[in-house]
Amino acid sequence: MVSKEKYVVKKICCIGAGYVGGPSMAVMAEKCLDINITVVDISEERIKRWNDKNIDNLPVYEPELAEIILQRRNKNLFFTTNIKDSIKEADMIFISVNTPTKLEGFGAGFASDLTWVESSVREIAKYANGHTIIIEKSTVPVKTAKIIKTLLNSNKSEDSNCERTFSVLSSPEFLAEGSAIKDLRFPDRILIGGDDLDGIESLKILYKKWIPEEKILVTNLWSSELSKLVANAFLAQRISSINSISALCEVTGAKVNEISNSIGTDNRIGSKFLKPGPAFGGSCFQKDLLNLVYLCRYYGLEEVANYWENIITLNNWQRKRISKLIVEKLFNTVSLKKIVILGFSYKPNTNDTRESAAIYICQDLISNGAKLLIHDPQVSPIQIEEDLGIRQSNNIHDERKGSWMFIEDIKNAANQSDAIVILTEWEFYRQLDWRSITNIMRKPSWIFDSRSVLKPEDKKNTQVNYWEIGQGYDI
Ligand code: UDX
Ligand code: ADP
């Protein structure tokens, strides 16, 4: 007999202990003290780090995350690789696994790779017990819920005596990295898509513990799945729009920050997501745009596909534009020139580097022969090595063309450097003593500020050339 205590959820399992699964379950545990939450992952290394006594070793860096982990870990929040038991015991399962862009096969370069969603659903089919509510948290292509239902219904439980039923819902996560905890505690909205009213009610009851009911929107499954792609596409579109205008400002003498301010005061436009930069990064925007493009082409909507694809074209162009202008300003050669890179993560307050503009710009500069000294407050040298696909040199005086080294002391690195390139707007960089840093650079030297980090007073009475995104002329 399938036991089905209507609405009551006592045990939650989250499959995937990554940037979404980890923080979202931490906040769920903080807000639902009466519920046991187990986060599972196939990566032993990741789970080990979530359980590490040294809280600085958590695999995800997010402001305020460590404090919650310290409070809730091993009380009502557990991290384990024991997927079987966690699924077996759960009343509700969140799927928070990676869904990257497919690298090969049909749809390569566009479609999302559902390998990890499929493998987690197969595990659920094998081990689930009684009635289980399954929630898609990862961003997935429209109609994934249909695939999940088919997989669940066509795979038998490992226990032939076990009766089970499933309810499949979509509840995409809208958190942004770097502000994940704040976004999870005070979301703009929670979206629940599905047709099983009891399942929806159970999830609503959880969210209502800290989120006002009017912020919980219920839609059908497909609207919920598509909303996530569309939200990310619209946000990415704003960034490509302002980045395109930054280039126009630079040649006309207009100032992009003044334009953002002036158009942002129009209520219909709004002021957010109008900051130009070296191109958007992160695991979501490009992946979701590509997926949207794929979906439109699949349904024969070529013009719609081309429209959204252009957002990515512009983003790629912006990165290349910045690499090229750095080389041009340094007399068309960066060979053996010492260039300090400030910031490697795709945005501040995260150690995530996925699709970071820094990867592409650094690779361009290295392939042009530059010697890069890379700094980031949270990204590890091992991660940078993996992203660049180039081993770190072990000597700052390495005379080979095209090399890089991780640095901790920015002032020391700036000594006799030809340029400093700011790629991530960490607050720490705003606090640097720019006057003394610029003094010790090799002249003529350049600061390339792709994130508008420097204040006007930082630039006063210094002997360096400045390029600031969207600001037109050299000062
Ligand atoms: C994004 C969405 O914001 C979030 O809702 C979704 O759940 C996941 O994808 P995230 O990628 O973590 O979140 O960060 P976001 O703050 O959106 O920034 C993405 C990229 O855009 C970063 O590289 C950032 O530097 C860039 N960006 C953002 C700009 O260049 N200018 C802006 O004005 C805003
Ligand atoms: P996101 O940013 O969406 O959270 P991440 O890559 O940071 O993506 O995290 C996804 C996590 O899901 C990874 O740690 C990965 O090991 C885990 N994962 C993938 N497939 C499975 C699976 N079948 N069972 C358990 N964990 C999985």
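As shown above, the structure is provided for reference.
The paragraphs below set out a description of the structure included in this document. Being a predicted model, the structure only gives us computed values, none of them experimental. (Residues numbered from 1 in each chain as written. Chains lettered and ligands numbered in written order. Predicted model: local features only at pLDDT ≥ 70, side-chain atom pairs only at ≥ 80, totals over all residues. Heavy atoms only, no water.)

### So, the overall build of the protein chain
Then, number 1: When you go through the protein chain residue by residue, the secondary structure sums to 18 helices and 14 strands.
Then, number 2: Per-residue burial over the protein chain gives 54% buried out of 475 residues.
Then, number 3: Within the protein chain, counting contacts between residues at least 6 apart in sequence, those at least 24 apart form 75% of the total.
Then, number 4: Counting only carbon and sulfur atoms, one obtains 51% of the accessible surface of the protein chain, whose full area is about 22000 Å².
Then, number 5: The centroid of the 60 positive side-chain charges in the protein chain is displaced by 1 Å from the centroid of its 61 negative side-chain charges. (Helix = DSSP H or I, 4+ residues; strand = E, 2+ residues; numbered from the N terminus. Buried < 20%, exposed > 50% of the residue type's maximum accessible area, 1.4 Å probe, protein only. Contact = heavy atoms within 4.5 Å. Areas by Shrake-Rupley, 256 points an atom, 1.4 Å probe, with all protein chains shown as cover. Lys, Arg positive; Asp, Glu negative; His and termini not counted. Charge placed at Lys NZ, Arg CZ, Asp CG, Glu CD.)

### Overview of the pattern of salt bridges
As a working rule, side chains carrying opposite charge can pair if their charged atoms are close by.
Then, number 1: Within the structure shown, the criterion is met by 25 salt bridges.
Then, number 2: Lys31 is paired through a salt bridge with Glu30; the nearest N and O atoms lie 4.0 Å apart.
Then, number 3: Classification of Lys31 by relative accessible area gives partly exposed; the value is 30%.
Then, number 4: Judged by relative accessible area, which is 18%, Glu30 ranks as buried.
Then, number 5: The salt bridge partner of Asp364 is Lys320, with a shortest N-O separation of 3.0 Å. In this pair, Asp364 is assigned in helix H13 (residues 357-367) and Lys320 in helix H12 (residues 302-329), connecting sequence segments 44 residues apart.
Then, number 6: Owing to a relative accessible area of 16%, Asp364 belongs among the buried residues under this scheme. (Salt bridge = Lys/Arg side-chain N within 4 Å of Asp/Glu carboxyl O.)

### Focus on the nonpolar core
Then, number 1: Membership of the largest hydrophobic core comes to 42 residues, with the highest contact counts inside it found for Ile12, Met28, Phe94 and Tyr207.
Then, number 2: Here this core takes 5 residues from helix H1 (residues 21-31), the largest share from any one element.
Then, number 3: When neighbours within four sequence positions are excluded, Met28 is seen to be in contact with Ile12, Ile37, Phe94, Leu206, Tyr207 and Trp210.
Then, number 4: Among the nonpolar cores identified, the runner-up in size contains 32 residues, and Leu330, Ile341, Ala358 and Val379 belong to it. (Core = buried A, V, L, I, M, F, W, Y, C linked by side-chain atoms within 4.5 Å.)

### A look at the packing of helix H5 (residues 115-127) against helix H6 (residues 144-154)
Then, number 1: Two elements in contact, H5 and H6, have axes separated by 9 Å at closest approach and are oriented at 35 degrees. By crossing handedness, the relation of H5 to H6 is classed as right-handed. Note on element contacts: H6 touches H5 through Thr144, Ile148, Leu151 and Leu152, opposite Val117, Glu118, Val121, Arg122, Ile124 and Ala125.
Then, number 2: Among the residues making up the contact of H5 with H6, the classes are represented as 7 nonpolar, 1 polar and 2 charged. (Axes fitted to C-alpha atoms, helices over the stretch in contact; angles between N-to-C directions. Left-handed = near helix turned anticlockwise from the far one by under 90°. Nonpolar A, V, L, I, M, F, W, Y, C, P; charged D, E, K, R; others polar.)

### A few points about the sheet that holds strand E12 (residues 419-422)
Then, number 1: Read from one edge to the other, the open sheet built from 6 strands follows the order E11-E10-E9-E12-E13-E14, with strand pairing classed as parallel. Of all the strands in the sheet, the pair left with one neighbour each is strand E11 (403-406) and strand E14 (464-468). Neighbour to neighbour, the strand axes of the sheet diverge by 20 degrees on average, direction disregarded.
Then, number 2: Across 5 bridges, strand E13 (residues 445-449) lies against E14 in parallel orientation. Following the sheet pairing, Ser445 is matched in E14 by Val464.
Then, number 3: Against the sheet, H12 makes contact with E12, E13 and E14, and its axis sits at roughly 165 degrees relative to E13, the strand it touches most. (Pairing = 2+ DSSP bridges.)

### Some points on the layout of surface pockets
Then, number 1: What the second largest pocket holds in volume is close to 440 Å³.
Then, number 2: Lining the second largest pocket are 17 residues, and of these Leu114, Pro141, Val142, Ile147 and Tyr294 lie nearest its centre.
Then, number 3: Contributing elements (two or more residues each) for the lining of the second largest pocket: H6 and helix H11 (285-298).
Then, number 4: Here the lining of the second largest pocket takes 4 residues from H11, the largest share from any one element.
Then, number 5: A breakdown of the residues in the lining of the second largest pocket according to their chemical character gives 10 nonpolar, 3 polar and 4 charged.
Then, number 6: When residues of the lining of the second largest pocket are sorted by domain, at least three fall in each of domain 1 (11-219) and domain 2 (233-475). (1 Å grid on protein atoms, 1.4 Å probe; cavity = no way out; pocket = protein on both sides within 12 Å on 5 of 7 lines; lining within 4 Å. Points joined across faces, edges and corners; volume = space filled by probe spheres on them. Domains from an automatic or database assignment.)

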